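Examining the three-dimensional arrangement
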Amino acid sequence: MGSSMLRLLSILIVAALAALAAPASANIVLDMRAVGDPERTRFVVDLEKNPEFGVLRLANPYRLVIDLPEVDFKDPAKPGEGRGLISDYRYGLIAPGKARIVLDLSGPVEIVNSFVLDPVDPEPARLVIDLVPTSDSAFAAAVARDRPAHEAAAGAGPRQSGPGTGKPVVVI
C-alpha cells in the first residue's frame, strides 16, 4: 500500500472512531413542577423527547431520586419549590450525560403511578410521578426493594480487584 492510501485509511478510521465517540443529542428538561396536596401529589417533568428514567427511594430524610440518562437541563440548577408531599426539589448533572432530580419529601410516600406521555404538538413529552402518603414500614420496604434494582441498573457500582478479591490486577 502506498503512503497516500495509508494516510486515507488512517483518516477514515479516525473519522469513524470520532463519530462513534460523539455523544447522542441529549434530551432537554424544559420545566418541572409539583402539583397537588398532602393527600396526593404529582411531580411532572416536561422534556423535548420521551425519557428513560429510574426511581430510587431513600430514607433519613425521606427522598425520591429520579435518574435520567442522556438528559440535560434548559435552565441552570436551582432549587424548586415543592407542594403537597414534596417539600422541595433540586436537580443537576451528576456526570456527563447523567442527570438527577431529587425530591425532598415531607414524609414516607408510595409511588402509585409513574408514566411518560408522548409529545403532541405543541405539548412536550412528560414524565409523571404520582405520590400518596404511606407508612414508615411500607416506605422502608420500598427502599430495600429499590436498592438492588438501582445497583443492577448502574452496573453494580465500581468493580473491585486486587489481593483478597480473587480478581487479577492488570498493570499496563
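Refer to the structure printed above.
Below: a short report on this structure. (Residues numbered from 1 in each chain as written. Predicted model: local features only at pLDDT ≥ 70, side-chain atom pairs only at ≥ 80, totals over all residues. Heavy atoms only, no water.)

1. As for the overall build of the protein chain
Each helix and strand counted, the protein chain has two helices and ten strands in total. Helices and strands appear in the protein chain in the N-to-C order α-β-β-β-β-β-β-β-β-β-β-α. Among the 172 residues that make up the protein chain, the fraction classed as buried is 31%. A sequence separation of at least 24 residues applies to 57% of the contacts in the protein chain between residues at least 6 apart. When the accessible surface of the protein chain is summed, it comes to about 10,900 Å², and 58% of that surface belongs to carbon and sulfur atoms. (Helix = DSSP H or I, 4+ residues; strand = E, 2+ residues; numbered from the N terminus. Buried < 20%, exposed > 50% of the residue type's maximum accessible area, 1.4 Å probe, protein only. Contact = heavy atoms within 4.5 Å. Areas by Shrake-Rupley, 256 points an atom, 1.4 Å probe, with all protein chains shown as cover.)

2. Quick word on the pattern of salt bridges
Scanning all chains against the criterion turns up nine salt bridges. Here Arg 126 makes a salt bridge to Asp 46, at a shortest N to O gap of 2.8 Å. Taken together, the residues span a long stretch of sequence, with Arg 126 in strand β10 (residues 125–133) and Asp 46 in strand β2 (residues 40–47) at a distance of 80 residues. Put simply, Arg 90 and Asp 104 hold a salt bridge, and the shortest N to O gap is 2.5 Å. Of this pair, Arg 90 sits in strand β7 (residues 86–95) while Asp 104 sits in strand β8 (residues 98–105); the two residues are 14 residues apart in sequence, bridging distant segments of the chain. Accessibility expressed as a relative area gives 38% for Arg 90, which makes it partly exposed. (Salt bridge = Lys/Arg side-chain N within 4 Å of Asp/Glu carboxyl O.)

3. Structural notes on the sheet that holds strand β5 (residues 71–73)
Strand-to-strand pairing in sheets goes through backbone hydrogen bonds, with the strands running parallel or antiparallel. The five strands are arranged β5-β1-β2-β10-β9 in an open sheet whose pairing can be described as mixed. Both edges of this open sheet fall to β5 and β9 (109–117), since each of them pairs with a single strand only. The mean inter-strand angle of the sheet, taken between neighbouring strand axes irrespective of direction, is 30°. Direction of pairing for strand β1 (residues 27–37) relative to β2: antiparallel, over a ladder of eight bridges. Within the sheet, the bridge partner assigned to Arg 33 lies in β2 and is Val 44. (Pairing = 2+ DSSP bridges. Axes fitted to C-alpha atoms, helices over the stretch in contact; angles between N-to-C directions.)

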